[in-house]
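Close look at the chain arrangement
Chain by chain, the residues:
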Amino acid sequence: MKYDFDTVTDRRGTSSSKWDVAEGELPMTIADMDFKTCPEIVAALRERLDKGIFGYTDVPERWRDAAVSWWDRRYGLKMEKEWLVFSTGVVPTISCAVRKLTTPGEKVMVMTPVYNIFFNSILNNGRSPLACPLSYFSGGYGIDWTRAEECLSDPQVSLMILCNPHNPVGRVWEREELQRIAELCLKYGVAVLSDEIHCDLTDPGVKYTPFLSVSEESRKVGIMAAAPTKTFGIPGLQTSFAAAADPVLRHRIWRQLNTDECGEPGVFAAEAAVAAWEKGEGWLEEARQRLQRNKARVRSFVEERLGDIRVPYGPATYLLWLDVSAVSPDERRLAAFIRRETGLCLTPGRVYGQGGEGFLRMNTACPEKLLEDGLGRFEKGVRAFRARKE
Ligand SMILES: Cc1ncc(COP(=O)(O)O)c(C=O)c1O
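A brief structural summary. (Residues numbered from 1 in each chain as written. Predicted model: local features only at pLDDT ≥ 70, side-chain atom pairs only at ≥ 80, totals over all residues.)

1. Some words on the site of the ligand
- The local shell around the ligand holds 13 residues, among which Ala-31, Gly-89, Val-90, Val-91 and Tyr-115 are the closest.
- Residue composition of the shell around the ligand, grouped by class: eight nonpolar, four polar and one charged. (Near = placed C-beta within 6 Å. Nonpolar A, V, L, I, M, F, W, Y, C, P; charged D, E, K, R; others polar.)

Have a look at this one:
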């Protein structure tokens, strides 16, 4: 490998949200990588840093070119440059969509278990989440279409937040599934905010499908929110965008992002994004291989040593979704026990809403040394939990 995915960097003392844990604890929690980012991004930032002046910054034309080209050459999505609106984050875009496209008291549909912050964006704005739980069958996840139509046809539902690919279960939604969502949403007058922040992080050989690429219907109802941040491990740089083909939806999201002051980049935001999209492909391909290897390692470890824990198949994200229901139906107790006994921090599934009970989420985006440390702690914790029960 040309790039370094092995160095363990001490992130303590850097105000890292992930590493704000007690001495000796190992966080495999929030979706933040422990790899050093792509050196081509660091070089671009260093060049900008060396100017030594950090004034107000606009989004350069190169940023639009780089984003359009990335989605076209990697995923076949043909965006017009004017579809793009800069945003400081995907979550700010989601909250803006909730505020602009729905009214207080209305419902927003989400397919659970799903990225927990969706609930914050909905609830903090006085709207209510309407759960459409995914169906869980023999190791995988699918959409419950009867329930989905029931939710979307509710006249109080004006927005659906889609997670494409889906955190935490790792599903890459198929073109046909996305087309069906778009058709239903158009039929019932529901807008779709498609959160595609995990889009680049699929197993090698697996491609995600952009929601806006699937049909005319999807372009009428959809706003895509995406970023280079999850892909390249740079979420602290706060750089993302919203994209909409429909001019009315685009105007609305642009207005709200600006009203809420989330539409202006910091000095490094566009620099990092342009470097990532123009020069980051080599690093990304190696990162995807490493993540696939890490996920395979966890799977085989769990299978060999902790047989009754199942790991549903999900070819996207570096987050593994562990079915620990056979160890304990209350995964919160198990997670708290493992943390107390071994210092390993994992996320209890029910924070992701209905269907998360009995699961733990494990972030595997780390050097091998940390991964092995985490697996050792996990086995020790699970065994001690079982021994305590028996
Ligand atoms: C599905 C999903 N959306 C959004 C985010 C965060 O986006 P941002 O940091 O751009 O607000 C995350 C981070 O884990 C995520 O998993």
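2. Re the packing of helix 2 (residues 61-75) against helix 10 (residues 269-279)
- Where helix 2 contacts helix 10, the axes come no closer than 9 Å and their chain directions differ by 35°. The hand of the helix 2/helix 10 crossing is left-handed. Between helix 2, through Arg-62, Trp-63, Ala-66, Ala-67, Ser-69 and Trp-70, and helix 10, the contact on the second element is made entirely by Ala-270, Ala-273, Val-274, Trp-277 and Glu-278.
- Residues that form the contact of helix 2 with helix 10 fall into these classes: eight nonpolar, one polar and two charged. (Axes fitted to C-alpha atoms, helices over the stretch in contact; angles between N-to-C directions. Helix = DSSP H or I, 4+ residues; strand = E, 2+ residues; numbered from the N terminus. Left-handed = near helix turned anticlockwise from the far one by under 90°. Contact = placed C-beta atoms within 7 Å.)

3. So, the environment of Met-109
- Following the sequence through the fold, Met-109 ends up in strand 3 (residues 107-110).
- On a C-alpha basis, the gap between Met-109 and Asp-195 in space is 13 Å, while along the polypeptide they are 86 residues apart.

4. Let's talk about the sheet that holds strand 11 (residues 319-323)
- The strand order across the open sheet formed by three strands is 11-14-13, and the pairing between neighbours is antiparallel. Strands with a single pairing partner mark the edges of an open sheet, and in this sheet they are strand 11 and strand 13 (347-348).
- Both strand 13 and strand 14 (residues 359-363) contribute to a ladder of two bridges, which runs antiparallel. Of the residues in strand 14, the one forming a bridge with Thr-347 is Arg-361. (Pairing = 2+ DSSP bridges.)

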